[in-house]
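One-letter residues, chain by chain:
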Amino acid sequence: MATLTYQAPATVQDAVRILAGAAGLAKPLSGGTDLLVQLRSGRLKPELIVDTKKIPGMIGIREVDGGFVIGAATPGAVIGEHAALEKAWPGVVEAANLIGSTQVQGRASLAGNLCNASPAADSVPALIAAKATVVIVGPKGRREAPVESICTGPGRTSLARDEIITEFHLPKRPPRSGDAYLRFIPRTEMDIAVVGAGVNVTLDANGVCREARVALGAVAPTALLVPEAAAALIGHKLDQATLDALDAAARKACKPIDDKRGTIDYRIKVAGVLARRAAAIAFERAGAHR
Amino acid sequence: MSRTHVSTVINGEQTDFLCEPQQTLLDVLRDELNLTGSKEGCGSGDCGACSVILDGRLVCSCLMLAVEAEGHSIQTIEGLATGSKLHPVQQKFLEHAALQCGFCTPGLLVAAKALLDRNLNPTETEIRYWIAGNLCRCTGYDKVVRAIQDAAAEMRAEKRA
């Protein structure tokens, strides 16, 4: 085996410089719950691992201007214990907490879940529905990008090799807003999504949807933002016709594969069902804010 | 290959070790420090047999590089008992016969302790979700759940006393 080097820089600038200087494959490390499995299986053979967790701000959650900033390497367990975040963004928190076991939650992070770039990553559809953005730092400085712009295919991202994600930003919530994430697996725990659906809505005082974002996971090479599904909700209350339109728009957006977890037809059908159910929860949560 | 010096606290004692960057915390616990209570089942974070408590959080020691442990505090199964006095979860696993082959048992005990450290009155559902990452192929889990419930009851009674 080639020699592996581990570095744990104390600043993001050092992390970027070390990544930029690597000759072979270099991987940023946050929680490591995917990376270590890939190291061990031999699927990845990096020469350099840059642990991001010693960089200030990489772990922790803070409220800024009514929104939230989540350090990119913050473990799922910490996300799940943050009462104010859970109140504002219950869908994002429930999605992050669906990843793996209690043990995995002790380490697994949003940056890892996103940059592992699995189409079935649970936190990603919820973050996309939430209109979350990431802060990316590279040699040219800092940029901000929507979560949906990061994954480009299974295992592939739009990040340059010397860029790392440092923060996730969740926007301030208007009144009467709610979000929800549902995943379908054939058991109750410890499995990978057959389909995932995230819905985020803002209602007016009459319960009519004014803003919506809908995202689907595990039905395409990357998690999908589905504007047509959001359009089916906007301007409507959650009646039967609206649910039917949402279901149809969600199914139409799917481009899934057949695999051991589900067939193409099955995934498409379940995507419609999950979108309806997640929308019902998101609407209920938005109503509870009145 | 150059070995890295790592400084940790393991089961309350300052513990320094040398390791290679690709070694997991589990590798070092077992092969360098001779703490062989933590088991390797899957090596991929699915079975929980290698569970340890890192700064108060339950983690799989197979999913951590040993170098990541620098500056952190680790509790392993070897640290559960106080001298010859078993931790209540250990005692109750014995009384309820909550083990057969025993391979998963250290991980389940550490997971159970981590749960009871933060919640002394978990529901059966909470227990079952908490230990969903600990695979046992012998017991069918029922005796494990009863043992954890009984340990919780005893620890609540001890706390009141």
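This is a predicted model, so every value here is computed, not measured.

Draft legend 1. Region of the structure containing the domain arrangement of chain B. Residue and element names in this part refer to chain B. Considered domain by domain, chain B is made up of domain 1 (4–79) and domain 2 (88–160). For domain 1 versus domain 2, the separation of C-alpha centres amounts to 21 Å. On the domain 2 side, the residues contacting the 13 residues of domain 1 number 11 residues. For the side of domain 1 that touches domain 2, the element with the most residues is strand β3 (residues 51–54), which contributes 3 residues.

Draft legend 2. Spatial organisation of the sheet that holds strand β2 (residues 13–19) of chain B. Residue and element names in this part refer to chain B. Strand order in the open sheet made by the 5 strands is β2-β1-β5-β3-β4, with mixed pairing throughout. With partners counted over all chains shown, the strands left at the sheet margins are β2 and β4 (57–60), one partner each. On average, adjacent strands in this sheet sit at an angle of 40 degrees to one another, irrespective of strand direction. For β3 and strand β5 (residues 73–75), the ladder comprises 2 bridges, and the chain directions are antiparallel. Looking at the pairing, Leu54 lines up with Ile74 of β5. Lying over the sheet, helix α3 (residues 105–118) contacts β3 and β4, oriented at roughly 35 degrees with respect to β3.

Draft legend 3. A look at the domain arrangement of chain A. All names here are of chain A. Domain annotation for chain A reports domain 1 (5–51), domain 2 (61–170) and domain 3 (177–287). A straight line from the C-alpha centre of domain 2 to that of domain 3 covers 20 Å. Contacts between domain 2 and domain 3 engage 24 residues on the former and 25 residues on the latter. Elements supplying a minimum of two residues to the side of domain 2 that touches domain 3: α5 (90–97), α8 (123–129) and β8 (151–153). Residue classes in the side of domain 2 that touches domain 3 are distributed as 16 nonpolar, 4 polar and 4 charged.

Draft legend 4. Expanded view of the confidence of the model for chain B. Mean pLDDT over chain B works out to 97, with 99% of the residues at or above the 70 mark. Interface confidence in the predicted complex, given as ipTM, is 0.97; pTM for the same model is 0.97.

Draft legend 5. Structural context of the environment of B:Cys19. Residue and element names in this part refer to chain B. Structurally, Cys19 can be placed in strand β2. On the basis of neighbour count, Cys19 is assigned to the buried category, with 22 C-beta atoms found within 10 Å. Cys19 sits 16 residues away from Arg3 along the chain, and the two C-alpha atoms are 5.1 Å apart. Excluding anything up to four places from it in sequence, Cys19 contacts Arg3, Thr4, Val6, Val28, Glu32, Ala66 and Val67.

Draft legend 6. Layout of the packing of helix α2 (residues 88–95) of chain B against α3(B). All names here are of chain B. Put simply, α2 and α3 touch, their axes get as near as 9 Å, and they point 130 degrees apart. Classified by the interaxial angle, the pair formed by α2 and α3 is oblique. For the pair α2 and α3, the sense of crossing is right-handed. Contacts from Val89, Gln90 and Phe93 in α2 reach Thr105, Leu109, Ala112, Lys113 and Leu116 in α3.

Draft legend 7. Expanded view of the interface of chain A and chain B. Taken together, the contact between chain A and chain B spans 22 residues of the former and 25 residues of the latter. Of all the secondary structure elements, the ones that give two or more residues to the side of chain A that touches chain B are β1 (5–7), α2 (35–41), β3 (48–51) and α6 (102–105) of chain A. Element by element, the count of residues in the side of chain A that touches chain B is highest for α2(A), at 4 residues. Grouping the amino acids of the side of chain A that touches chain B by side-chain chemistry returns 9 nonpolar, 9 polar and 4 charged.

Draft legend 8. Spatial organisation of helix α5 (residues 142–160) of chain B. Residues and elements named next belong to chain B. Given a rise of 1.5 Å per residue, 19 residues ought to cover 27 Å, and the 27 Å separating the end C-alpha atoms of α5 matches this to within 8%. Those residues of α5 not exposed but buried are Val144, Val145, Ala147, Ile148, Ala151 and Ala152. All buried residues of α5 lie within an arc of 160 degrees about the axis, which places them on one face of the element. Opposite the packed face of α5, turned more than 90 degrees from it, sit the exposed residues Asp142, Ala157 and Arg160. Where α5 is buried, its residues meet α2, α3 and α4 (124–130).

Each value, and the rule that gives it
Residues numbered from 1 in each chain as written. Chains lettered and ligands numbered in written order. Predicted model: local features only at pLDDT ≥ 70, side-chain atom pairs only at ≥ 80, totals over all residues. Domains from an automatic or database assignment. Contact = placed C-beta atoms within 7 Å. Helix = DSSP H or I, 4+ residues; strand = E, 2+ residues; numbered from the N terminus. Pairing = 2+ DSSP bridges. Axes fitted to C-alpha atoms, helices over the stretch in contact; angles between N-to-C directions. Nonpolar A, V, L, I, M, F, W, Y, C, P; charged D, E, K, R; others polar. pLDDT = per-residue confidence, 0-100. Buried ≥ 20, exposed ≤ 12 C-beta atoms within 10 Å, placed from the backbone. Parallel < 35°, antiparallel > 145°, perpendicular 65-115°, else oblique. Left-handed = near helix turned anticlockwise from the far one by under 90°. Expected span 1.5 Å × (residues − 1). Arc of directions from axis to C-beta.

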